[in-house]
Amino acid sequence: MNVADFVPQGIPLHWFFGAAGTALILITGIAWLAVLKRTFRKRLEAVVDAPERARELIHRKHGSTFIAMRSGVIETVARTRGAAIVSLSGADRIWIRRAKTRARQRDIRRVLEFIPDTGLFACFSAALRKRRAATILLDWLDESDDLFALQRIALSAPGETFDGAAALELLGERLDRIREMTGDPQWPPRFFAVNIMLHSDDERSVRGVWSAFDDTNRFIREMVARDIQTDDTDELYRRLFDLYLHDPVFEVRRAARRRLDSQFADRYRVDRDNLSETEALHIMGLLEQDSSEDEAIAMTCLSEENLELALPAARYLQKAGVLSRLFRNATFSDPDDFERIRRLLTTAATVHVTGFLSELHHTARPAPLMLAARVLERAGDSRLIAVLARSVFALPFDESRQDDVYAATLTTIAARGTESALELLRQELWAHRYQPDVAGQLLESVPPRAQPIVMDTALSLLRDPEFSCRDALHALFARFEGIYFLPALLDILQSGSDADGRPARVSAVKILTQAGLPYARQYLLESLSTIPPDEARELAALYAESAGDDFAERVWEIINGRDGDTRAALIAILPAVQNKSFLKPIREAVHDADPRVRTAAIWALLEFGDSKSFNQAVDRLRDPVERVRIEAATALGAHGTAATLQEVRQVLEDEQEVDDVKRSAIAGLARSEQKQSIAILTDLLERDDHWDDVAIEALAHKRTAKHVGELVQQLKDGSPRLREKLMRSFRRMGTDGEQAMLELLEQDIPALRPHVTEILEQTGFVEETVRKMAHRDSVVRRDAAEALSAIATLAAFRGIVLAARDPDPEVRVRVTRALEKLDTEEGKSVLSQLENDPERRVRKFTLWALERYRARDL
């Protein structure tokens with residue numbers, strides 16, 4: 001038979017085969033689906049028996065779409081083998097999602113039947129939107145014998161928001177049960193209930209809502225603050241303000257603040273003075289950017305010393321742009337305002353709020369730069385220090401140094417400067433290397449960590465004979481690690497003796513000595529002759545301390561050596577070592593053939609204080625070499641005993657001696673502590689006008705109270721010619737001499753008082769002190785009043801009475817004490833002259849001061 005015989009007549013053959021093929025495919029597909037369904041069911045049952053295989057048998061093999069399509073199978077297995085398979089298969093998430101978003105009735109029923117504890121809220125959400133879903137949920141509630149069915153809705157999605165008004169319409173018949181939920185120990189049922197009660201005007205519901213302001217759960221308090229509607233605005237304002245000030249949860253306070261702003265903007269006011277610290281902290285975290293009142297509160301808190309308040313205040317002011325504005329607009333025109341801004345910004349930086357410093361990129365004005373320097377010294381992005389340095393160093397030099405902007409910037413670079421800032425500092429140092437005051441300031445600002453950046457420049461400055469700021473440079477090397485500069489300094493010491501290299505060698509000796517490197521001692525000892533004696537003495541003491549016994553051994557080797565310069569330099573510094581074992585070779589050196597050695601020995605003997613050897617030094621006053629006699633005259637004049645000074649007097653009286661020797665003797669007498677030195681110099685002034693300038697200058701150096709007293713005695717007993725010359729000396733003494741004279745007045749020596757006061761008046765000290773009575777600093781005025789009271793002359797009292805109405809009580813006390821001196825027989829004459837002074841203001845203030853003084857005893 002042919003296959004075509006099976007085809008019914010009238011049907012085309014290809015149609016028949018097509019239909020047969022389709023039927024075969026459908027049958028095969030149905031069979032395959034049945035196999036898949038059966039296989040899936042077996043896998044579900046296997047998972048029920050072994051839940052740990054859920055990932056292996058279901059989740060890895062089937063996607064969510066397949067599982068959703070097999071919901072019926074899952075339902076069947078769940079009814080026969082237990083509802084756990086719903087969660088194990090992942091169908092629970094699919095059903096809950098579709099119930100919530102699509103409100104499909106079958107999914108809602110599945111959720112209510114199998115997974116109500118996790119999916120009830122999804123069904124509740126659907127019921128709020130779809131009537132059929134609402135009917136299913138209500139039927140389920142009616143049929144349920146669970147008294148806590150409503151709680152289960154809330155617990156299935158804790159804290160989920162929903163339309164409370166729609167929920168009230170849906171569950172209105174169960175409102176009593178809902179109100180009971182406000183007493184539930186768990187917060188989700190209370191949250192659920194209050195959200196519904198917010199829309200009920202029932203008195204009991206309203207009361208329950210007001211109670212929710214004190215609920216222990218933050219979400220409930222936040223919801224009530226945000227959503228409550230009431231006609232009792234006073235109570236609402238009170239409750240909201242209480243939450244705003246006292247609630248410990250930020251979100252609750254924020255909700256309260258927003259409600260206050262939206263409903264009570266015209267009523268909301270905060271008085272910082274009436275707030276506790278905690279209340280202020282709560283407020284600071286919720287300040288509004290566009291509120292001038294909030295800005296004022298933040299400024300007040302930032303100006304206080306409480307850093308805990310300063311942090312939120314600074315953060316607010318930074319976000320509001322206030323700190324940037326203050327920084328950008330700062331000027332020096334109002335010092336008080338500038339200081340206020342500085343304190344505010346410094347406090348902000350202390351709590352690490354430094355965003356305003358970004359304004360550095362856009363300003364080159366000195367005042368903002370000064371603020372940046374003060375702030376960046378302790379806080380802020382250290383990379384900005386380079387920006388600061390570049391701006392300050394680019395200013396005209398006079399402008400940058402004004403108001404200490406330059407110094408403050410250097411301090412900041414030293415404290416926290418990055419490599420870029422330190423490189424700018426190095427460049428600035430090189431640019432100003434021949435300006436000693438600036439170079440010294442820059443060198444002092446170089447921190448130890450800048451050594452790799454600055455070392456080459458520092459060595460170049462050390463070798464530069466024109467560079468004069470040596471002390472600051474030495475101090476810089478003292479801060480550096482010696483191992484890095486030792487080779488360069490040793491090369492300098494061995495570089496020769498040309499004139500240009502001498503400053504560098506002197507510096508090298510000082511630096512190496514201060515560094516105390518034990519392996520460089522011989523270099524140093526042989527190089528001491530290259531530096532001035534006074535400095536060499538100081539370095540020798542340091543050297544001897546670090547070298548110990550080794551020092552003496554090496555000294556003997558050099559003293560017994562050949563080189564005169566080295567021997568002389570070493571002998572000159574030995575007194576600083578305080579080792580008297582060296583006295584014998586020094587005494588012998590007084591008679592050495594080399595004049596330089598003899599000169600050094602003279603100084604060394606005198607500085608050792610070896611009185612037994614003074615006669616040997618005196619012999620050098622007749623040395624054949626003038627240079628030795630000059631040094632001997634200076635040394636003996638400065639350090640000689642009373643007997644030795646008589647030898648110096650003879651030199652001054654010797655008509656055959658050259659003027660240079662005499663001038664040196666006078667210079668030495670200027671430094672002498674001996675009383676006889678003053679008599680020698682005054683005798684010289686008395687008999688010879690040739691030495692007036694030198695002798696008067698020498699006496700001007702006698703500024704101790706003892707010396708000034710002796711000079712006043714000489715003035716008292718001297719001739720008019722001598723008195724005039726001594727007065728010139730007193731004028732040259734300056735502040736130190738004036739203070740010594742005030743000390744003499746305090747000793748109250750009647751014989752000297754009139755002469756001391758005469759000197760102070762003639763030198764202009766009294767007039768200058770009277771002018772200080774108008775100084776803005778009360779401390780200066782107090783000291784001036786004390787000095788005038790001690791002088792107690794007519795001119796002094798004219799200044800004192802003018803201060804009788806001084807605003808400072810301490811000044812007025814000193815004026816009153818001074819007036820006590822007028823209440824004596826000696827003071828009556830001065831008082832009479834004050835009362836009859838030709839200047840009306842003096843007479844007026846004298847009368848007022850006396851009335852004040854006399855009223856003291858009433």
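Criteria and thresholds
- Residues numbered from 1 in each chain as written.
- Predicted model: local features only at pLDDT ≥ 70, side-chain atom pairs only at ≥ 80, totals over all residues.
- Heavy atoms only, no water.
- Helix = DSSP H or I, 4+ residues; strand = E, 2+ residues; numbered from the N terminus.
- Buried < 20%, exposed > 50% of the residue type's maximum accessible area, 1.4 Å probe, protein only.
- Contact = heavy atoms within 4.5 Å.
- Areas by Shrake-Rupley, 256 points an atom, 1.4 Å probe, with all protein chains shown as cover.
- Polar contact = N/O pair within 3.5 Å; in protein donor to acceptor, adjacent residues only side chain to side chain.
- Core = buried A, V, L, I, M, F, W, Y, C linked by side-chain atoms within 4.5 Å.
- Axes fitted to C-alpha atoms, helices over the stretch in contact; angles between N-to-C directions.
- Parallel < 35°, antiparallel > 145°, perpendicular 65-115°, else oblique.
- Nonpolar A, V, L, I, M, F, W, Y, C, P; charged D, E, K, R; others polar.
- Phe/Tyr/Trp six-rings, centres within 6.5 Å; stacked < 30°, edge-to-face > 60°.
- Salt bridge = Lys/Arg side-chain N within 4 Å of Asp/Glu carboxyl O.
- pLDDT = per-residue confidence, 0-100.
- Expected span 1.5 Å × (residues − 1).
- Arc of directions from axis to C-beta.
- Lys, Arg positive; Asp, Glu negative; His and termini not counted.

**Section: the overall build of the protein chain**
The helix and strand inventory of the protein chain stands at 53 helices and zero strands. Taking all 858 residues of the protein chain together, the buried fraction comes to 49%. In the protein chain, 65% of the contacts between residues at least 6 apart in sequence involve partners at least 24 apart. When the accessible surface of the protein chain is summed, it comes to about 43000 Å², and 49% of that surface belongs to carbon and sulfur atoms.

**Thoughts on the environment of Y434**
Structurally, Y434 can be placed in the loop between helix 27 (419-431) and helix 28 (436-444). On the basis of relative accessibility, which here comes to 44%, the residue Y434 falls in the partly exposed class. Beyond its immediate chain neighbours, meaning those up to four positions away, Y434 contacts D464, E466 and F467. For Y434, the side chain forms a polar contact with the side chain of D464, separated by 2.5 Å.

**With respect to the nonpolar core**
With 175 residues, the main nonpolar core has F124 and Y244 as its most contacted residues. Setting aside residues no more than four positions away along its own chain, F124 makes contact with L137, I153, F162, A167, L170, L171 and F192. Membership of the second largest hydrophobic core comes to 58 residues, among which are A665, A670, L715 and M727.

**Some points on the packing of helix 26 (residues 405-416) against helix 28**
The N-to-C vectors of helix 26 and helix 28 enclose an angle of 25°; their axes lie 9 Å apart at closest approach. Relative to helix 28, helix 26 is oriented roughly parallel. Residues Y406, A407 and L410 of helix 26 pack against V438, Q441 and L442 of helix 28. Within the contact of helix 26 with helix 28, the residues separate by chemical class into five nonpolar, one polar and no charged.

**Observations concerning the packing of aromatic side chains**
According to the stated counting rule, one finds 17 aromatic pairs in the structure shown. Centroid distance W95 to F114: 6.1 Å. Interplanar angle 45°. Geometry classified as tilted. Of this pair, W95 sits in helix 6 (residues 91-101) while F114 sits in helix 7 (residues 105-114), and the two are 19 residues apart along the sequence. The buried category is assigned to W95, whose relative accessible area is 0%. An angle of 65° between the planes, with centres 6.0 Å apart, marks the rings of F121 and F162 as edge-to-face. Separated by 41 residues along the polypeptide, F121 in helix 8 (residues 116-129) and F162 in the loop between helix 10 (149-155) and helix 11 (164-171) bring together distant segments of the chain. For the pair F121 and F162, one class covers both residues: buried.

**Overview of the pattern of salt bridges**
If charged atoms from side chains of opposite charge come close, those side chains can pair. Inspection of the entire model under this criterion finds 36 salt bridges. The partner of D294 in a salt bridge is R257, with the nearest N and O atoms 2.7 Å apart. One end of the pair, D294, is in helix 19 (residues 292-303); the other, R257, is in helix 17 (residues 250-263), and 37 residues separate them in sequence. Via salt bridges that share partners, E75, R79, R98, R104, R106, D107, R110 and E113 belong to a single interconnected network.

**Observations regarding the packing of helix 8 against helix 11**
Viewed as axis vectors pointing N to C, helix 8 and helix 11 meet at an angle of 90°, and their least axial separation amounts to 9 Å. Considering their axes alone, helix 8 and helix 11 lie roughly perpendicular with respect to each other. Residues F124, A127 and L128 of helix 8 pack against A166, A167, L170 and L171 of helix 11. Grouping the amino acids of the contact of helix 8 with helix 11 by side-chain chemistry returns seven nonpolar, no polar and no charged.

**A few points about the side chain of H432**
By the element assignment, H432 lies in the loop between helix 27 and helix 28. Separated by 3.1 Å, the side chains of H432 and E428 make a polar contact. Once you skip the residues sitting within four places of it in the chain, H432 turns out to touch F397, Y406, V438, A439 and L442.

**Observations regarding the confidence of the model for the protein chain**
For the protein chain, per-residue confidence averages 80 on the pLDDT scale, and 81% of positions sit at 70 or higher. Least confident of the elements in the protein chain is helix 52 (residues 825-835), whose mean pLDDT is 52; most confident is helix 27, at 95.

**Quick look at unusual backbone geometry**
Located in the positive-phi region is A103, a residue other than glycine, with phi close to 55°. Looking at the element boundaries, A103 is found in the loop between helix 6 and helix 7. Since its relative accessible area comes to 11%, A103 is described here as buried. Even without a glycine there, the phi angle at H352 is positive, about 65°. Within the secondary structure layout, H352 lies in the loop between helix 22 (335-350) and helix 23 (366-376).

**Concerning helix 41 (residues 642-653)**
In this model, helix 41 (twelve residues) spans 17 Å end to end at C-alpha, consistent with the 16 Å of a helix rising 1.5 Å per residue. For helix 41, the set of buried residues is T644, L645, V648, R649, V651 and L652. The buried residues of helix 41 occupy an angular sector of 160° when the element is viewed end-on, so they sit on one face.

**Some remarks on the environment of N306**
Tracing the sequence through the fold places N306 in the loop between helix 19 and helix 20 (307-319). A relative accessible area of 21% means that N306 is categorised as partly exposed. When the C-alpha positions of N306 and E277 are compared, they lie 9.0 Å apart, and in sequence the two are 29 residues distant.

**Let's talk about the side chain of R470**
Tracing the backbone shows R470 in helix 30 (residues 470-479). For the buried R470, no salt bridge exists, and the shortest N-O distance to an oppositely charged side chain is 6.1 Å, to D464. Looking at R470, its side chain comes within polar contact range of the main-chain oxygen of L462, at 2.7 Å. Within the local environment of R470, its side chain forms a polar contact with the backbone oxygen of D464, the two atoms lying 2.6 Å apart. Not counting the four nearest positions on each side in its chain, R470 is found in contact with L461, L462, D464, P465, P503, A504 and S507.

**Quick look at the environment of L570**
As for its position among the elements, L570 is in helix 36 (residues 564-573). You can call L570 buried: its relative accessible area is 2%. Between the C-alpha atom of L570 and that of A604, which follows or precedes it by 34 residues, the distance is 9.9 Å.

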